[in-house]
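Single-letter residue listing:
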Amino acid sequence: MPQLLTHIRDILRNRNLVAYGDTLIVGVSGGPDSMALLNLLARMRTTLGLKLIAAHVNHGLRRTAGRDERCVRQACVGLQIPCHVKKLSLGRRRSRGSVEEIARNKRLQFFSASAKKLRADAVALAHTKDDLAETVLMRILRGTGLQGLQGMPLSKNINGMKIIRPLLGISKHELLNYLQKEKIAFQVDESNSEQKFFRNKIRLELLPLLERKYNADIREVLTNLSKTAAVDYEYLSQAARQEFKRSFKILGPNSLSAPLARMGKLHPALRRGVIRLAVQKIRGDSTALALRHMEEIEDLIQNRPNGSAVSLPDGLCARKKEGRLHLVPRSRPRR
């Protein structure tokens, strides 16, 4: 078995991404990365005992969208893999950036619905080492914390859907060599060369500049940074989950509280993790919480008088009352 196949097979097995008999939805756009993933998984499906189902979304955003769909369908016929296609009409009413974000969300929704309908065990996506490096660098430039430095994990559960990324340790260069050697057809997204998009600027301008003038191994450095951050964040997350169970009590369907004295003694890193978990418990998501919100909550706990409150995203507020920190919905002003 070629080295690339062996490497990916070992990742799938040793990192428990799949089990014998699993059904995988494979997200396939028609581009080089996803076409390589589909072909590689097809070549090892018997060894790993996998049932593969391809899923392609035709967003209708480009004139070449039909060409991409035909490429995916033809590949699936040759590999004897069922292919499910979802056609969308997103139009161009918004800015291109927002359309791209909507398209991404629609893809995930389709993959999730397909996985549920077909009783699939996971969805395989073709993100590579290059994608990981770009993501980490983008987040650094936007001002991320330890959580954001993780980049993209090998495996993640989103709304009950298990997503796996078997190619995260593989470079695009390796995949292109594989496609050329095996004579596998793929399509090129012309928008990837348009430098008005932030990720494209990172890929086409900044990363090559950093490689040329500062560190030829910058992609490897960013990948290693992501791995280190992921390990550290997982340890901190475990401690935060344990502390959350000890500290916070449920007051109602959208309200939690914790002792101010206990919260005040926690290390700031742990306290912030616990507060994020509390907000996530109430709202289902804590991504809108920024550093300024955390600093205000800490000032509320340490310095502000009883009865003080801090406004938080998603209609929440943190209130200091009777020796406890309350996270509750914001009161509507009286008319």
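Up top is the structure these notes are about.
Here we summarise the structure given alongside this text.

What counts, and where the lines are drawn
- Residues numbered from 1 in each chain as written.
- Predicted model: local features only at pLDDT ≥ 70, side-chain atom pairs only at ≥ 80, totals over all residues.
- Heavy atoms only, no water.
- Buried < 20%, exposed > 50% of the residue type's maximum accessible area, 1.4 Å probe, protein only.
- Helix = DSSP H or I, 4+ residues; strand = E, 2+ residues; numbered from the N terminus.
- Arc of directions from axis to C-beta.
- Contact = heavy atoms within 4.5 Å.
- Expected span 1.5 Å × (residues − 1).
- Disulfide = S-S within 2.5 Å.
- Pairing = 2+ DSSP bridges.
- Axes fitted to C-alpha atoms, helices over the stretch in contact; angles between N-to-C directions.
- Phe/Tyr/Trp six-rings, centres within 6.5 Å; stacked < 30°, edge-to-face > 60°.

1. As for helix 7 (residues 172-182)
Turning to step 1, where the next piece is worked out: Residues of helix 7 that are buried include every one of Leu 175, Tyr 178 and Leu 179, and no others. Summarising the axial view, the buried residues of helix 7 lie within an arc of 95°, below the 170-degree limit, and thus occupy one face. Turned more than 90 degrees away from the buried face of helix 7 sit His 173, Gln 180 and Lys 181, all of them exposed.
Turning to step 2, where the next piece is worked out: Each element contacted by the buried residues of helix 7 is listed here: helix 1 (3-14) and helix 2 (32-48).

2. Side note on the environment of Ala 309
Turning to step 1, where the next piece is worked out: In this structure, Ala 309 sits in strand 9 (residues 309-312).
Turning to step 2, where the next piece is worked out: C-alpha of Ala 309 to C-alpha of Arg 330: the two residues are 21 residues apart in sequence and 9.6 Å apart in space.
Turning to step 3, where the next piece is worked out: Beyond its immediate chain neighbours, meaning those up to four positions away, Ala 309 contacts Leu 300, Arg 304, Ala 318 and Arg 319.

3. As for helix 12 (residues 291-302)
Turning to step 1, where the next piece is worked out: Counted at 1.5 Å a residue, the expected span for helix 12 with its twelve residues is 16 Å, and the 16 Å between its end C-alpha atoms agrees.
Turning to step 2, where the next piece is worked out: Within the sequence span of helix 12, burial applies to His 293, Met 294, Ile 297, Glu 298, Leu 300 and Ile 301. Taken down its axis, helix 12 places every buried residue within 155° of arc, on the same side. Among the exposed residues of helix 12, those pointing more than 90 degrees away from its buried face are Leu 291 and Arg 292.
Turning to step 3, where the next piece is worked out: On its buried face, helix 12 is in contact with helix 10 (260-265), helix 11 (268-283), strand 9, strand 10 (316-321) and strand 11 (324-329).

4. A short note on the state of the cysteines
Turning to step 1, where the next piece is worked out: Scanning the entire structure with this criterion turns up zero disulfides.
Turning to step 2, where the next piece is worked out: Looking at the unpaired Cys 76, the closest cysteine sulfur is the one in Cys 83, lying at 4.0 Å.
Turning to step 3, where the next piece is worked out: Taking relative accessible area as the criterion, Cys 76 reaches 2% and is therefore assigned buried.

5. Regarding the side chain of Arg 271
Turning to step 1, where the next piece is worked out: Turning to its location among the elements, Arg 271 is positioned in helix 11.
Turning to step 2, where the next piece is worked out: Taking relative accessible area as the criterion, Arg 271 reaches 5% and is therefore assigned buried.

6. Section: the sheet that holds strand 8 (residues 255-259)
Turning to step 1, where the next piece is worked out: With antiparallel pairing, the five strands of this open sheet are ordered in space as 7-8-11-10-9. Either end of the sheet is taken by a strand with one partner, and the two such strands are strand 7 (249-252) and strand 9. If you compare each strand with its neighbour and ignore which way they point, the axes differ by 25° on average.
Turning to step 2, where the next piece is worked out: Summarising the sheet, strand 9 and strand 10 pair through four bridges and their orientation is antiparallel. Residue Val 310 lies in a different strand from strand 10, and its bridge partner there is Ala 318.
Turning to step 3, where the next piece is worked out: Against the sheet, helix 12 makes contact with strand 9, strand 10 and strand 11, and its axis sits at roughly 165° relative to strand 9, the strand it touches most.

7. So, the packing of aromatic side chains
Turning to step 1, where the next piece is worked out: Counting across every chain of the model gives two aromatic pairs.
Turning to step 2, where the next piece is worked out: Between the aromatic rings of Phe 110 and Phe 111, the centroid separation amounts to 6.2 Å while the plane-to-plane angle is 40°, which identifies the pairing as tilted.
Turning to step 3, where the next piece is worked out: Given the relative accessible area of 6%, Phe 111 is considered buried.

8. Side note on the environment of Pro 253
Turning to step 1, where the next piece is worked out: Assignment of secondary structure puts Pro 253 in the loop between strand 7 and strand 8.
Turning to step 2, where the next piece is worked out: For Pro 253, a relative accessible area of 81% corresponds to the exposed category.
Turning to step 3, where the next piece is worked out: For Pro 253 and Val 72, which are 181 residues apart along the polypeptide, the C-alpha to C-alpha distance reads 46 Å.

Treat this as a map of the structure, not an account of what it does.
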